[in-house]
Amino acid sequence: LIMMLIWVLCMLVTVMIHELGHVIIGRIFGQPGNITVTGLGGQAVGEYGALSPWRRILVIMAGPCAGFLFVAALTAVDGRPWNWCMEHLHLSSLKCEWFLINWINPKLALFDLMQGQYPIYDLVIILLFSVNLFMNIMNLLPIIPMDGGMVFKEICVMISPRSGLKFAFICSFGLATIVALYLVV
């Protein structure tokens, strides 16, 4: 039960950070917005259609950027999940050498963290890191209604106002089919 609660809270934080990115940039461009949280995620709701295409693209990209900034902040605080990813990708030169948590609380030494002295903390850090990284990478796929698909749609419509939308939907459907078949197989 505790692990499920931690999972739900980590997902809520992930969704809120992502959607907050959209809303903040929308408000910078003068468009009010708010966040709707549903059982399967969330949505930034606003009048972004009134913006120019390039500003809409910036609003769309603000969600994944906020998520990646959060991953960077987590890595600065405790880079163990990042180091684990770099080790498995055989990119040892990109590993973190120091963690902010060691400067904040020297008693909470890296050795203690590596020994699993704080299992709830370890679970929260790993979940926040993994979910944010995976969700934001997947969200960049050019499949509508994900953010990557919305950017692809905006670019297609800018290139060809008459048939760009149809082309974007066809490509999005084709890629979604390929991804679904790959995952099934």
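1. Some words on helix H2 (residues 53–77)
Since one α-helical turn is 3.6 residues long, residues separated by three or four positions face the same way.
So, step 1. Spanning 25 residues, H2 covers 36 Å between terminal C-alpha atoms, matching the ideal 36 Å at 1.5 Å per step.
So, step 2. The largest bend in H2 amounts to roughly 35 degrees and is located at Ala62, with the proline Pro64 lying one to four residues further along.
So, step 3. Residues Arg56, Ile57, Val59, Ile60, Ala62, Gly63, Pro64, Ala66, Gly67, Val71, Leu74 and Thr75 constitute the buried set of H2.
So, step 4. The inward-facing, buried residues of H2 abut helix H1 (2–28), helix H3 (80–88), helix H6 (119–139) and helix H7 (147–159).

2. Observations concerning the layout of surface pockets
Here the idea is plain: a probe the size of a water molecule rolls over the atoms and shows the empty space left.
So, step 1. Volume-wise, the largest pocket comes out at about 790 Å³.
So, step 2. Every residue lining the largest pocket is counted, 29 residues in all, and those nearest its centre are Glu19, Gly42, Gln43, Ala44 and Asp147.
So, step 3. At the level of elements, H1, strand E1 (33–38), strand E2 (41–46), H2, H6 and H7 are the ones that each hand at least two residues to the lining of the largest pocket.
So, step 4. Counting residues per element, the lining of the largest pocket draws most heavily on H1, at 7 residues.
So, step 5. Classifying every residue of the lining of the largest pocket by side-chain character gives 15 nonpolar, 9 polar and 5 charged.

3. Details of the pairing of E2
So, step 1. Here 6 bridges tie E1 to E2, and the two strands are oriented antiparallel to one another. Paired with Thr36 across the two strands is Gln43, which belongs to E2.

4. Remarks on unusual backbone geometry
So, step 1. Cis geometry is found at the peptide bond from Ile144 to Pro145, where omega equals 20 degrees.
So, step 2. Unusually for a residue other than glycine, His90 sits at a positive phi of about 60 degrees.
So, step 3. As for its placement among the helices and strands, His90 is situated in the loop between H3 and helix H4 (100–104).
So, step 4. For His90, a relative accessible area of 69% translates into the label exposed.

5. Digging into the packing of H7 against helix H8 (residues 164–184)
So, step 1. Between H7 and H8, whose axes approach to 7 Å, the crossing angle comes to 145 degrees. Helix-helix and strand crossings are classified by hand; for H7 and H8 the assignment is right-handed. In this structure, H7 contributes Phe152, Lys153, Cys156 and Val157 to the contact, and H8 contributes Gly164, Leu165, Phe167, Ala168 and Cys171.
So, step 2. In terms of residue class, the contact of H7 with H8 is built from 7 nonpolar, 1 polar and 1 charged.

6. So, the nonpolar core
So, step 1. Ranked by size, the top nonpolar core spans 10 residues in total: Ile6, Cys10, Val71, Leu74, Cys85, Met86, Ile125, Leu127, Leu128 and Phe129.
So, step 2. Sorting the residues of this core by element identifies H1, H2, H3 and H6 as the ones contributing at least two each.
So, step 3. In terms of residues, this core owes the most to one element, H6, which gives 4 residues.
So, step 4. If near-sequence neighbours (up to four positions away) are discounted, Phe129 is found in contact with Val71, Leu74, Thr75, Pro81, Trp82 and Cys85.
So, step 5. Grouped together as the second largest cluster of nonpolar side chains are 5 residues, Val23, Ala44, Tyr48 and Leu51 included.

Cut-offs and rules
- Residues numbered from 1 in each chain as written.
- Predicted model: local features only at pLDDT ≥ 70, side-chain atom pairs only at ≥ 80, totals over all residues.
- Heavy atoms only, no water.
- Helix = DSSP H or I, 4+ residues; strand = E, 2+ residues; numbered from the N terminus.
- Expected span 1.5 Å × (residues − 1).
- Bend = angle between axes of the 7 residues up to and from the residue.
- Buried < 20%, exposed > 50% of the residue type's maximum accessible area, 1.4 Å probe, protein only.
- Contact = heavy atoms within 4.5 Å.
- 1 Å grid on protein atoms, 1.4 Å probe; cavity = no way out; pocket = protein on both sides within 12 Å on 5 of 7 lines; lining within 4 Å.
- Points joined across faces, edges and corners; volume = space filled by probe spheres on them.
- Nonpolar A, V, L, I, M, F, W, Y, C, P; charged D, E, K, R; others polar.
- Pairing = 2+ DSSP bridges.
- Axes fitted to C-alpha atoms, helices over the stretch in contact; angles between N-to-C directions.
- Left-handed = near helix turned anticlockwise from the far one by under 90°.
- Core = buried A, V, L, I, M, F, W, Y, C linked by side-chain atoms within 4.5 Å.

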